[in-house]
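Each chain, letter by letter, is given below.
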Amino acid sequence: LEYDDVRRGPRQYNRDGNEWYDEQAVRWQRRRTSNRQPGVFQGPRADLIVCAEDDITRDYLDSFAVPPLVVTCKDRKVPSVQEACRDTGCVNRLFNIGFIKERDRDFPSYLADVKDQLDLGTSVILHCRGGVHRAPMSFLLCMYYLFGMDFDQATRAIDEIRRVDWNGIMQDSYDNGGRFH
């Protein structure tokens, strides 16, 4: 079964084999997450930013003196984000934090890319769909590995800049057998 981010469960299909989704739930979810501003952690040389995919616009990316690295913390890139990055000369990188195989495979290169950009004084934007699950988890990894923070310090750092759905993260971290993954 495929997982559906919006419904937090297996994807459903109608009789014709087309994907079914609850349009009202999608609108509610977008309204609920769209009123947040990008969270900015000011590093020694550049900022590490956590936000939702809807925050990544051409105007937003144009506001940076140096085009930032944009990291999509999902299983695939977002067309609107790709277009905004292409129009502004930003690099859009994928880091699929939600699946263990891809996460373990890609983590060293992801971390190296983020470190290199921050060391050069280039800001890094971490985004997922709503900016409250996967992007904050990617932020925690950066705080731990790049800034030497422990888990409590890193969670306080993210909580200071962005509201995070910790319950949703924990709920998504268990498989159907109740095992943490």
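Residues numbered from 1 in each chain as written. Predicted model: local features only at pLDDT ≥ 70, side-chain atom pairs only at ≥ 80, totals over all residues. Heavy atoms only, no water.

### Here we look at the pattern of salt bridges
Next up, step 1: Applying the stated criterion across every chain yields a total of seven salt bridges.
Next up, step 2: A salt bridge links Arg93 to Asp113; the shortest N-O distance between them is 2.5 Å. Of this pair, Arg93 sits in strand β8 (residues 91-94) while Asp113 is found in helix α4 (residues 100-119), placing the two residues 20 residues apart along the sequence.
Next up, step 3: By relative accessible area, Asp113 is classed as partly exposed at 31%.
Next up, step 4: For Lys115, the salt bridge is made with Asp119, and the minimal N-O distance between the two is 2.6 Å. With Lys115 and Asp119 both in helix α4 and four residues apart, this pair spans about one turn of that helix.
Next up, step 5: A cluster of three or more residues bridged by salt bridges with shared partners is formed by Arg45, Lys115 and Asp119. (Salt bridge = Lys/Arg side-chain N within 4 Å of Asp/Glu carboxyl O. Helix = DSSP H or I, 4+ residues; strand = E, 2+ residues; numbered from the N terminus. Buried < 20%, exposed > 50% of the residue type's maximum accessible area, 1.4 Å probe, protein only.)

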